[in-house]
Every structure is written in C-alpha cells, then in structure tokens.
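In case you want the letters, here they are:
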Amino acid sequence: MSAEDDIKRIKEELAKIKHNKSTEHYIGHLKARLSKLKEKSTSKKTGGGSFAVKKMGDATAALVGFPSVGKSTLLNALTSAESRTAGYEFTTLKPIPGMLEYNKTKIQLIDAPGIIEGASEGRGGGRQILSAVRNADLLIILLDPRKNRLEIVRQELYDSGVRLDQSPPDVLVKKTVKGGLVVESTVKQELSMDTIRGVLKEFGYVNAQVLLRQRLSVDELVDALSDNRVYVPSLVVYNKVDKLSEKELKNLKKQHPKALFISAKNESGVGELVRAVWEKLDFKRIYLKKPGRDPDYDEPLIMRGLATVQDVIKELGKDFESARVWGSSVKHQGITVSLKHELNDEDVVTLS
Ligand SMILES: Nc1nc2c(ncn2[C@@H]2O[C@H](COP(=O)(O)OP(=O)(O)OP(=O)(O)O)[C@@H](O)[C@H]2O)c(=O)[nH]1
Ligand SMILES: [Mg+2]
C-alpha cells in the first residue's frame, strides 16, 4: 500500500469517527500518523525546482488564490514586473517575483500560479505552488468576490502545513537517553494524558521531557511535533470590486470587516493594500545617527517584529556598548537605554 493510499484511508476514517472522550486517543493516533505520512510524501515530491524563488528585499509577500482572480494584474500594478495576464485560467505557470518599494522598505511580491481545490494533494500542480509560497513572510489571499473561495484556499493552505495568523504552539520537547516520557503541563489540559502520550509515541518519542505551556487541541499537539508547519500572517483581499454594484460591495464589506477591497485593473484601493501589507509585515525603520551628526533619514535600517537595541547591533555586525534613543519608544528624548530596550518604528539611535 502506498503512502497516498494510507493517507486516503486515514482521512476517510477520521471523517467517520465521532469526536468524544472515548475516541480522543484513537483520533490523536490517526492525526499523528496522517501528519507523518504527509510529511514523508511531500518531502519526496517537492524539491522547489523551477518554482523556487530566491527571497530578496526586506521581506517577501506572496499572492495566493484561485486562477484568474487577478494575481498577476495586481503584481503588475504594484511592481515593475511584467507577469502575463489573460481572461482564461492558469495563465501564470510559475512564480514570478516583483519588488515593491514603500516607506524606504523593499518588499518582494511573488505572483504564484493559481491553486484549486485539492492543491495540497497535488491537484493542478498545487504541491509545487504551495511549497513556493509557504516560505513567504506574508500571504495575500486574493479572491474574486463573485466566486468566494476563501475557505477552500484557507483549507488547502492548512492541509499543506501553513498555519495562518497564529503562533506556534508553546511546547518544548527535549529528547533524553532514558527515563521514558515525562510530560508536564503548566496549564490544565483538555486532552487526556493518555492521548498526549499516544501522540508523542506515534512521533517516535520513547524517552523525552515534554513541557506543555498552553492548552492544546489534538491538532495543535500534532502541529507542535511536526516538522513542516509554518506560521504566517495573512491578508484577505477581494479584487475586481469594479464589477460589483454599490449594494453588493456594501454587503461584502459587512461580511468581511477585516478584508481589503480593490480593483487591480483600475488600481483602486491598491494604496491602502500596500499600507496594510507594510503594517502586517511589522517593519521598524531605525534611523542611525552618528554622535554630533544628523540622523540618516535616507537609508534606515529595516527591522521586523520585535527589535531591541541588541538586534540592531547584531544587524550592523559591529561592537557597541551603549545606545541613546529618540522617538516614541522613550519618554525622555535622547536618553541612554539598555541593550534590551525595544525600539519603535522611526526611532533614532546613536550607538557608541
Ligand atoms: N474587472 C476586473 N478584471 C480584472 C481585475 N483584475 C484582473 N482582472 C482580469 O481578470 C483576468 C485574470 O487576471 P490575471 O491577473 O491573469 O489573473 P491571475 O490570478 O493571475 O490568473 P492565473 O495566472 O491564471 O492564476 C484578466 O482578464 C484580467 O484583466 C479587476 O480588478 N477588475
Ligand atoms: Mg497569473
């Protein structure tokens, strides 16, 4: 029996089982097994190949969606890249990168071929496409409002190991030489210890110290133990709003209050989209200032996420011991801060 047959059989079985306390252990076993089989079959089939795009710029955002939703039209509107667009499906055959500059930041944008239902199982070359976008720092899910396939796209991403807008489960596993499985939890778990140990065993842990620091579902526990999970933020964007009546657009906005609404063709709403992309990528522009000189506002150091003075020093690759900071992260302008101090966007830093 091939891994594919096994995967299919386990999925069918999972679909049939009723979820309750008495089946929890067995479900855990099946889900762990499924994850391992998928990992094995994916690593065999995807090598990146011609679909691999080298990451460039300060961060990478990838466009994902069904065919013909306007991904290439949007890439062309936002960057100087020229990706073929057409009124038929599967126009784009491999990922096309472009570069977008905003707020002194370079954002690489990847236009990917369209994915369809079953992509995570390889339909329509889906595996290759998903493996090309999964390493992006942000996924822009582009949709045609007339064919709203948001849930399908999300499910395909989920099934290929992409976890949108969530952080990795807080689980620490340390393999040991002997002593069996020692499982501790800082919070009360819903899952029984029997289920947790069963899943750990399925992943091959015989001797290990395991610390669970959050309440976990079976899926989260399996995620924590699987190698191929990525945790990526996302934006939901409805394109082609020029085709909607005012009333239709109003209803759509009501249904999806967090989404963005654009027309890539007319380039309307794209300014807001670029701003949202920039904000979602959590950039910090740090202006460096040599003592006695003006800050360098032209070429900020671009950081992402949490950025401490220490991170800045590391990025510069030089030795500094002290820092003064001006900007919104300090109460007193120009004060000397510790190296652990967290910087905000547009802070000015003098290192010495
Ligand atoms: N009315 C309207 N049409 C659009 C818009 N954006 C794209 N289109 C049209 O939709 C069709 C598909 O656009 P593409 O950009 O090729 O779509 P894609 O998502 O890259 O498609 P694949 O490469 O096949 O996955 C083309 O005919 C575009 O002109 C838009 O905002 N409004
Ligand atoms: Mg395209």
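Relevant structure appears above.
Predicted, not measured: the structure shown is a model, and the values here were computed from it. (Residues numbered from 1 in each chain as written. Chains lettered and ligands numbered in written order. Predicted model: local features only at pLDDT ≥ 70, side-chain atom pairs only at ≥ 80, totals over all residues. Heavy atoms only, no water.)

Participant: Even after reading the chapter, I still don't get the nonpolar core, so can you show me in this structure?
Facilitator: As a rule of thumb, nonpolar side chains are buried together in soluble globular proteins. Grouped together as the largest cluster of nonpolar side chains are 59 residues, with contacts concentrated most on Leu 74, Leu 139 and Leu 273. Leave out the neighbours within four places in its chain, and Leu 139 touches Ala 62, Val 64, Val 133, Leu 157, Val 162, Leu 164, Val 232, Pro 233, Ser 234 and Leu 235. Leu 181, Ile 196, Val 210 and Val 218 belong to the second-largest nonpolar core, a separate cluster that totals 18 residues. (Core = buried A, V, L, I, M, F, W, Y, C linked by side-chain atoms within 4.5 Å. Buried < 20%, exposed > 50% of the residue type's maximum accessible area, 1.4 Å probe, protein only. Contact = heavy atoms within 4.5 Å.)

Participant: Looking at this model, I keep getting lost on the packing of aromatic side chains. Mind explaining?
Facilitator: Under the counting rule described, the total for this entry stands at four aromatic pairs. Seen in terms of ring centroids, Tyr 102 and Trp 278 are 6.2 Å apart; in terms of plane orientation they differ by 70°. Their pairing is edge-to-face. With Tyr 102 in strand S2 (residues 96–102) and Trp 278 in helix H9 (residues 270–280), this pair connects stretches of sequence that are 176 residues apart. The class for Tyr 102 is partly exposed, based on a relative accessible area of 23%. (Phe/Tyr/Trp six-rings, centres within 6.5 Å; stacked < 30°, edge-to-face > 60°. Helix = DSSP H or I, 4+ residues; strand = E, 2+ residues; numbered from the N terminus.)

Participant: How should helix H1 (residues 3–16) be read in this particular structure?
Facilitator: Think of an α-helix as turning once every 3.6 residues; residues three or four places apart then point the same way. Between its terminal C-alpha atoms H1 stretches 20 Å, which fits the 20 Å expected from 14 residues at 1.5 Å a residue. Listed in full, the buried residues belonging to H1 are Ala 3, Asp 6, Ile 7, Ile 10 and Leu 14. All buried residues of H1 lie within an arc of 100° about the axis, which places them on one face of the element. Residues of H1 that are exposed and point more than 90 degrees away from the buried face comprise Lys 8, Ala 15 and Lys 16. (Expected span 1.5 Å × (residues − 1). Arc of directions from axis to C-beta.)

Participant: Can you walk me through the pairing of strand S10 (residues 234–238) in this structure?
Facilitator: Look at any regular strand and the pattern is simple: side chains alternate between the two faces of the sheet. Most of S10 is tucked away: five of the five residues are buried. The two faces of S10 match: Ser 234, Val 236 and Tyr 238 on one face and Leu 235 and Val 237 on the other face are all buried. Summarising the sheet, S10 and strand S11 (residues 260–261) pair through two bridges and their orientation is parallel. Of the residues in S11, the one forming a bridge with Tyr 238 is Phe 261. (Pairing = 2+ DSSP bridges.)

Participant: For this particular structure, what's the right way to read the sheet that holds strand S7 (residues 181–185)?
Facilitator: Backbone hydrogen bonds hold the strands of a sheet together, and the pairing may be parallel or antiparallel. Taken in spatial order, the three strands of this open sheet run S6-S8-S7, and their pairing is mixed. Of all strands in the sheet, those bounded by a partner on one side alone are strand S6 (171–175) and S7. Here the strands of the sheet are splayed against their neighbours by 10° on average, with no regard to which way each runs. By the bridge criterion, five bridges tie S7 to strand S8 (residues 208–212) in an arrangement that is parallel. In the sheet register, Glu 184 faces S8, and the bridge partner there is Leu 211. The strands touched by helix H6 (residues 193–202) within the sheet are S7 and S8, with S7 carrying the most contacts at an inclination of about 130°. (Axes fitted to C-alpha atoms, helices over the stretch in contact; angles between N-to-C directions.)

Participant: Help me understand helix H10 (residues 309–316) in this model?
Facilitator: For H10, the set of buried residues is Val 309, Val 312 and Ile 313. What you see down the axis of H10 is that its buried residues fit within an arc of 100°, all on one side. Across H10 from its buried face, at more than 90 degrees, point the exposed residues Lys 314 and Glu 315. Among the structural elements, strand S12 (283–288), strand S13 (301–304), strand S14 (323–326), strand S15 (335–337) and strand S16 (348–351) are those in contact with the buried residues of H10. In the segment just after H10, Gly 317 is the residue with positive phi, at about 70°.

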